[in-house]
Amino acid sequence: MGRTRWVVGNWKQWGLRPAAHALASKVAAGLEAPPAGLRVGVAPPYLALDTVHAALAGAKVVRFAQDAAAQEEGAFTGEVGPAMLAEAGVEGVIVGHSERRHLLGESDALVAAKLGCALRAGMWAILCVGEPLKVRTAGRHEAYVLAQLEAALAHVAPSETGRLVVAYEPVWAIGTGRTARPEDAAAMHAAIRARLVDLLGGEGGDRSILYGGSVKPDNAGILAAAPDVDGFLVGGASKDADAFLSIVRTVAHHTKAHP
Ligand code: 13P
């Protein structure tokens, strides 16, 4: 049995509660039980978590949030910590998404603190890494992504990384309709894999590495077949239940064929 595969929908800052409930209901109704070795997750906006969880009742879907505070609690106005999220039924968080790094100014140090806090709270934590276009054009993408990875893992012990998932999301592919070529995704995933093993030892070989960036039903098959691609973090297509379920089915077929 290989590494766990994942398909996780990141709903970003879209939709009010009725729309979120309707989307989750459609996902729950259409989701076939995922095969062993595949986990399906959704990350709705915070204020829709309860209505989405109600719509998902009984469905095998891992409940994510899109972010979490870098500390358990304290005088941090506006922040939501992992214990608060767990109380709301959340099982995992996304950390270091490029929109938070590049649009909202999150530093490597903040991402590292958030990652450590989430993992120590027993959450799944999807750590996002990925290079902007000008970095790729300059040929510095691998060094850039590996530096992000190293910085994020600087303060976590290998024994704390059992629920770590890495997502490679090239910034130029997010929301643009441009995906990485499968061979480029595979090359970056192999580099991430090697660095994870350097940093975490045996644990690093077991961690799932997802691809994100304009994943759609029509490109999911070719990307899922790329070596070291253990599934997807899906943005835009996850807002359409049929598209999301189609991507899940593609990865489910792949998981059954290559367990
Ligand atoms: P898109 O699938 O819309 O490109 O977004 C990817 C993403 O940012 C997932 O976290």
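Refer to the structure above for everything that follows.
Predicted model, so just to flag it, every value in this text is computed and none were measured. (Residues numbered from 1 in each chain as written. Predicted model: local features only at pLDDT ≥ 70, side-chain atom pairs only at ≥ 80, totals over all residues. Heavy atoms only, no water.)

Thoughts on the packing of aromatic side chains
No. 1: Summed over all chains, the structure comprises 3 aromatic pairs.
No. 2: Pairing Trp6 with Phe64 gives two aromatic rings, centres 5.8 Å apart and planes at 75 degrees, and the pair type is edge-to-face. Within this pair, whereas Trp6 is found in strand 1 (residues 5-10), its partner Phe64 is found in strand 3 (residues 62-65), the two being separated by 58 residues in sequence.
No. 3: One aromatic cluster is present, built from ring pairs that chain together Trp6, Phe64 and Trp124. (Phe/Tyr/Trp six-rings, centres within 6.5 Å; stacked < 30°, edge-to-face > 60°. Helix = DSSP H or I, 4+ residues; strand = E, 2+ residues; numbered from the N terminus.)

Topic: the site of the ligand
No. 1: With respect to spatial proximity, the complete set of residues near the ligand consists of Asn10, Lys12, His97, Glu169, Ala173, Ile174, Gly175, Gly213, Ser214, Leu233, Gly235 and Gly236.
No. 2: One nitrogen or oxygen atom from the main chain of Ser214 is found 2.7 Å from an oxygen atom belonging to the ligand.
No. 3: In the model, an oxygen atom of the ligand is placed 2.9 Å from a nitrogen or oxygen of the Gly235 main chain.
No. 4: Coverage of the ligand by the protein chains reaches 97% of its 310 Å² of free accessible surface. (Near = heavy atom within 4 Å. Polar contact = N/O pair within 3.5 Å; in protein donor to acceptor, adjacent residues only side chain to side chain. Areas by Shrake-Rupley, 256 points an atom, 1.4 Å probe, with all protein chains shown as cover.)

Remarks on the sheet that holds strand 4 (residues 92-95)
No. 1: Sheet architecture is closed into a barrel: 8 strands sit in the order 1-2-3-4-5-6-7-8, paired in parallel fashion. When the angles between neighbouring strand axes are averaged without regard to direction, this sheet yields 25 degrees.
No. 2: Of the strand pairs in this sheet, strand 5 (residues 124-129) and strand 6 (residues 164-168) are connected by 5 bridges, and their pairing is parallel. Bridge pairing in strand 6 links Leu127 to Val166.
No. 3: Strand contacts of helix 11 (residues 241-257): strand 1, strand 2 (38-43) and strand 8 (231-234), with the helix running at about 170 degrees to strand 1, the strand carrying the most contacts. (Pairing = 2+ DSSP bridges. Axes fitted to C-alpha atoms, helices over the stretch in contact; angles between N-to-C directions. Contact = heavy atoms within 4.5 Å.)

A look at helix 1 (residues 17-30)
No. 1: Over its 14 residues, helix 1 extends 20 Å from the first C-alpha to the last, a length consistent with the 20 Å expected when each residue adds 1.5 Å.
No. 2: Those residues of helix 1 not exposed but buried are Ala20, Leu23, Ala24 and Val27. Projected onto a plane normal to the axis of helix 1, the buried residues spread over an arc of 95 degrees and lie on a single side. Residues of helix 1 that are exposed and point more than 90 degrees away from the buried face comprise Pro18 and Ala29. (Expected span 1.5 Å × (residues − 1). Buried < 20%, exposed > 50% of the residue type's maximum accessible area, 1.4 Å probe, protein only. Arc of directions from axis to C-beta.)

Digging into the side chain of Gln148
No. 1: Looking at the secondary structure, you find Gln148 in helix 7 (residues 141-152).
No. 2: If near-sequence neighbours (up to four positions away) are discounted, Gln148 is found in contact with Arg101, Asp108, Val129 and Gly130.

Concerning the packing of helix 7 against helix 8 (residues 182-200)
No. 1: Helix 8 packs onto helix 7 with a crossing angle of 35 degrees between their chain directions and a minimal axis gap of 10 Å. For the crossing formed where helix 7 meets helix 8, the hand is right-handed. Between helix 7 and helix 8, the contacting residues are His141, Glu142, Val145, Leu146, Leu149 and Glu150 on the first element and Met188, Ala191, Ile192, Arg195, Leu196 and Leu199 on the second.
No. 2: Here the residues of the contact of helix 7 with helix 8 sort into 8 nonpolar, 1 polar and 3 charged. (Left-handed = near helix turned anticlockwise from the far one by under 90°. Nonpolar A, V, L, I, M, F, W, Y, C, P; charged D, E, K, R; others polar.)

Brief notes about helix 8
Because the α-helix completes a turn every 3.6 residues, residues three or four places apart line up on one side.
No. 1: End to end, helix 8 covers 26 Å across 19 residues, agreeing with the expected 27 Å (1.5 Å per residue, within 8%).
No. 2: Within the span of helix 8, buried status applies to Ala185, Ala186, Met188, His189, Ala191, Ile192, Arg193, Leu196 and Leu200.
No. 3: Elements that come into contact with the buried residues of helix 8 comprise strand 5, helix 6 (133-137), helix 7, strand 6, helix 9 (202-206) and strand 7 (208-212).
No. 4: One or two steps after helix 8, the chain reaches Gly201, where phi turns positive at roughly 65 degrees.

Looking at the side chain of Arg193
No. 1: With respect to the helices and strands, the residue Arg193 is situated in helix 8.
No. 2: Within polar-contact distance, the side chain of Arg193 engages the side chain of Asp228 at 3.1 Å.
No. 3: Excluding residues that lie within four positions of it along the chain, Arg193 makes contacts with Arg3, Gly204, Gly205, Asp206, Arg207, Ile209, Asp228 and Asp230.

What to know about the packing of helix 10 (residues 217-224) against helix 11
No. 1: As a packed pair, helix 10 and helix 11 sit with axes 9 Å apart at the nearest point and diverge in direction by 20 degrees. The angle between helix 10 and helix 11 places the two elements in the roughly parallel class. For the crossing formed where helix 10 meets helix 11, the hand is right-handed. Here Pro217, Ala220, Gly221 and Ala224 of helix 10 come into contact with helix 11, specifically with Ala243, Ser246, Ile247, Thr250 and His254.
No. 2: Grouping the amino acids of the contact of helix 10 with helix 11 by side-chain chemistry returns 5 nonpolar, 4 polar and no charged. (Parallel < 35°, antiparallel > 145°, perpendicular 65-115°, else oblique.)

Regarding the pattern of salt bridges
No. 1: In the structure shown here, the tally under the stated rule is 19 salt bridges.
No. 2: Its salt-bridge partner being Arg193, residue Asp228 comes within 3.1 Å of it at the nearest N-O pair. Placement of the pair is Asp228 in the loop between helix 10 and strand 8 and Arg193 in helix 8, with a sequence separation of 35 residues.
No. 3: Given the relative accessible area of 9%, Arg193 is considered buried.
No. 4: For Asp230, the salt bridge is made with Arg193, and the minimal N-O distance between the two is 3.3 Å. Pair noted here: Asp230 is in the loop between helix 10 and strand 8 and Arg193 is in helix 8, with a separation of 37 residues, a long-range link.
No. 5: Residues participating in the shared-partner salt-bridge network are Arg3, Arg193, Asp228 and Asp230. (Salt bridge = Lys/Arg side-chain N within 4 Å of Asp/Glu carboxyl O.)

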